[in-house]
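What follows is the residue order along each chain.
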Amino acid sequence: MRKAKAIYTAILAVIIMICTTLHTAFAQTDPTMSSSESTEPVSVQAPCAVLMEVSTGEILYEKASEEQRTPASVTKLMTLLLIYEEMEKGSLHLTDTVTVSAHAKSMGGSQVFLEEGEQQTVETMIKCIVIASGNDASVAMAEHIAGSEEAFVQRMNQRAAELSLSHTNFVDCCGLTDDENHYMSAKDIAVVSRELSLRFPEIFNYSGIWMEDIVHKTARGESPFTLTNTNKMLRSFKGCLGLKTGSTSRAGFCVSEVAERDNMKMIAVILGGETSKSRFADAAALLNYGFGMCRLYTDPSVSVLCPEIQWARNGDYYACAAEDFSWLDTGSSDFSKIEKTTEFFPELIAPLSKGTCVGKQIYTYEGKKIGENQLLLTADVMKKTWNDCLTEILSKLMFSGQGSILS
């Protein structure tokens, strides 16, 4: 009895081994049982990543895109956005002089070795931030704009809220901190990068610089210092415009990379890369994937004649699309089949202010709506006065009288 039981057990074990072997072999050859990684459109090793097309904001790839992580020096994207917005308002200029404080000088990590009391222009400070990722330059600019780094960080968090960055919170302006309350997500970083790319494309005049010398001006005299770009993809990836890198022991290796090919810009964000080389490899893989699968349809904004506006003073009035229209195609669509129709709101009545929305332009592809643009007035539309009405009546009467005489 015991002998029979032992034989039965041995036979059962052999059967299980055979089934396991067959199952493994089948799984290796059957595409329906492949791992999730093999079905990914592109291989990314980093834990968090996003690929976004700039003009449309469409996300083409994401991996743990809303996970909150330490962004290291990629933090400086928000610092740069606030700097450029101050210049846009006219309260800051590239030629303005910035004085370095003791606090700014004390910054560790990546720096350009600014001295207390040293003065540099805003433009030089931007170069130090964008090219060499200078923590000292970032803090100096924050203090110059807001009075203190703390006050500037409050502005950063306020701007993050305005941009609906729900997975972002700042503790400093440069990303040097290891505070767990300082974080961003890959998707939020892509949004800030897009804001800079669309509104302030001049930043690429600096992010694309490989090396450039600045001159330190201190009480001890002048000395040259070479800024070297931390973004190695500038020399290895076709169309790379650069933007911002970052790394700390806690954050790993991070980058927000912008590249342009065929008038189409892509943003690749990588967070938590294991090595500097791997983050750039991941970014390159995403960008190549995006450029390989997409085509961009664009329709430039042009003025169109408005229909009659009730009670408006005599003259022609025009409206213009709020922005150029863009549509991202990820297939093989025939762009010649895209149609545009213009619709004005009924019963437009003066007065109307410049920038008032008076209609829209609707874009369709094979009958399906793919987007629309608002039509905004290009000038104020003044309401007729009683004198205008009287002049019109007299003019019509005179013309009518002349017609009677001629007949």
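Below you will find a few notes about this structure. Keep in mind it's a predicted model, so treat the numbers as computed, not measured. (Residues numbered from 1 in each chain as written. Predicted model: local features only at pLDDT ≥ 70, side-chain atom pairs only at ≥ 80, totals over all residues. Heavy atoms only, no water.)

## Quick word on the environment of valine 192
Phase 1: Within the secondary structure, valine 192 is located in helix α7 (residues 186-199).
Phase 2: Residue classification places valine 192 among the buried positions, given a relative accessible area of 0%.
Phase 3: In the structure, valine 192 is positioned 117 residues away from threonine 75 in sequence and 9.9 Å away in space, judged by C-alpha atoms.
Phase 4: Beyond its immediate chain neighbours, meaning those up to four positions away, valine 192 contacts Leu77, Met78, Leu81, Leu165 and Met184. (Helix = DSSP H or I, 4+ residues; strand = E, 2+ residues; numbered from the N terminus. Buried < 20%, exposed > 50% of the residue type's maximum accessible area, 1.4 Å probe, protein only. Contact = heavy atoms within 4.5 Å.)

## Observations regarding the pairing of strand β5 (residues 211-218)
Phase 1: As judged from the eight bridges shared by β5 and strand β6 (residues 221-228), these two strands associate in the antiparallel manner. Counted as the bridge partner of lysine 217 is glutamate 222 from β6.
Phase 2: The hairpin formed by β5 and β6 contains two residues between the paired strands. (Pairing = 2+ DSSP bridges.)

## Points about the sheet that holds strand β16 (residues 368-377)
Phase 1: Strands sit in the order β11-β12-β16-β15-β14 across an open sheet of five strands; the sheet is antiparallel. Each end of this open sheet is capped by a strand with a single partner; those strands are β11 (303-305) and β14 (338-344). Put simply, the sheet's adjacent strands are angled 30° from each other on average, direction ignored.
Phase 2: Inspection of the sheet shows β11 paired to strand β12 (residues 318-321) by three bridges, in the antiparallel sense. For valine 304, the partnering residue across the bridge sits in β12 and is alanine 319. (Axes fitted to C-alpha atoms, helices over the stretch in contact; angles between N-to-C directions.)

## Quick look at the sheet that holds strand β7 (residues 244-248)
Phase 1: Spatial strand order, β2-β1-β9-β8-β7: five strands in an open sheet with antiparallel pairing. The sheet is open, and its two edges are formed by β2 (59-63) and β7, each paired on a single side. Direction aside, the axes of adjacent strands within the sheet are offset by 10° on average.
Phase 2: Along the sheet, α7 makes contact with β1 (48-53), β2, β8 (252-261) and β9 (264-273), crossing β1 at roughly 30°.

## Things to note about the packing of aromatic side chains
Phase 1: Tallied over the entire structure, the rule returns seven aromatic pairs.
Phase 2: Seen from their ring centres, tyrosine 297 and phenylalanine 335 are 5.5 Å apart, and the 70° between their planes marks the pair as edge-to-face. Note that tyrosine 297 is positioned in strand β10 (residues 295-299) and phenylalanine 335 in the loop between β13 (325-329) and β14, a separation of 38 residues in sequence. (Phe/Tyr/Trp six-rings, centres within 6.5 Å; stacked < 30°, edge-to-face > 60°.)

## Quick word on the packing of helix α2 (residues 76-89) against α7
Phase 1: Orientation of α2 relative to α7, taken along the N-to-C sense of each, is 30°, at an axis distance of 10 Å. Here α7 runs roughly parallel to α2, going by the angle between their axes. In this structure, the crossing between α2 and α7 has a hand that is left-handed. Contacts from Leu77, Met78, Leu80, Leu81, Tyr84, Glu85 and Glu88 in α2 reach Ile189, Val192, Ser193, Glu195, Leu196 and Arg199 in α7.
Phase 2: Residues that form the contact of α2 with α7 fall into these classes: eight nonpolar, one polar and four charged. (Parallel < 35°, antiparallel > 145°, perpendicular 65-115°, else oblique. Left-handed = near helix turned anticlockwise from the far one by under 90°. Nonpolar A, V, L, I, M, F, W, Y, C, P; charged D, E, K, R; others polar.)

## Considerations on a nonpolar patch on the surface
Phase 1: A surface patch of nonpolar side chains, about 390 Å² in accessible area, is lined by Leu390, Ile393, Leu394 and Leu397.
Phase 2: Along the chain, the position of isoleucine 393 falls in helix α10 (residues 386-406). (Patch = residues over 30% accessible without salt bridge, like charges linked within 9 Å, V, L, I, M, F, W, Y side chains within 5 Å. Areas by Shrake-Rupley, 256 points an atom, 1.4 Å probe, with all protein chains shown as cover. Salt bridge = Lys/Arg side-chain N within 4 Å of Asp/Glu carboxyl O.)

## Concerning the state of the cysteines
Phase 1: The tally for this structure, following the rule as stated, stands at zero disulfides.
Phase 2: Cysteine 48 takes part in no disulfide bond, and the closest cysteine sulfur to it belongs to cysteine 254, at a distance of 9.1 Å.
Phase 3: Residue cysteine 173 stays outside any disulfide, its sulfur separated by 5.1 Å from that of cysteine 174, the closest cysteine.
Phase 4: By relative accessible area, cysteine 173 is classed as buried at 0%. (Disulfide = S-S within 2.5 Å.)

## Let's talk about the packing of helix α4 (residues 122-130) against helix α5 (residues 135-146)
Phase 1: Where α4 contacts α5, the axes come no closer than 8 Å and their chain directions differ by 140°. Between α4 and α5, the angle is such that the two are oblique. In terms of crossing hand, the pair formed by α4 and α5 is left-handed. Contact with α4, carried on its side by Val122, Met125, Cys128 and Ile129, involves Ala137, Ser138, Ala140 and Met141 of α5 and no other residues of that element.
Phase 2: Taken together, the residues of the contact of α4 with α5 sort by class into seven nonpolar, one polar and no charged.

## What to know about the nonpolar core
Phase 1: Core analysis: the biggest nonpolar cluster contains 64 residues, and Met78, Ile83, Ile126 and Met141 have the highest contact counts within it.
Phase 2: Formed by 27 residues, the second largest nonpolar core is a distinct cluster that contains Trp210, Ala259, Ala283 and Phe291. (Core = buried A, V, L, I, M, F, W, Y, C linked by side-chain atoms within 4.5 Å.)

## Some points on the pattern of salt bridges
Phase 1: Taken as a whole, this structure holds 18 salt bridges when the rule is applied.
Phase 2: When the shortest N-O distance is used, the salt bridge between arginine 220 and glutamate 115 registers 3.7 Å. With arginine 220 in the loop between β5 and β6 and glutamate 115 in the loop between α3 (102-105) and β4 (119-121), this residue pair connects regions lying 105 residues apart in the sequence.
Phase 3: We classify arginine 220 as exposed; its relative accessible area is 70%.
Phase 4: Aspartate 329 is the partner of arginine 295 in a salt bridge, and the nearest nitrogen-oxygen pair spans 3.3 Å. In this pair, arginine 295 sits in strand β10 while aspartate 329 sits in strand β13, placing the two residues 34 residues apart along the sequence.
Phase 5: Taking the relative accessible area as the measure of exposure, arginine 295 reaches 36% and is therefore partly exposed.
Phase 6: Relative accessible area serves as the criterion here: at 3%, aspartate 329 is assigned to the buried category.
Phase 7: Taken together, the shared-partner salt bridges in this structure form one network comprising Glu85, Glu88, Arg159, Glu162, Glu195 and Arg199.

Nothing here speaks to function; it is geometry throughout.
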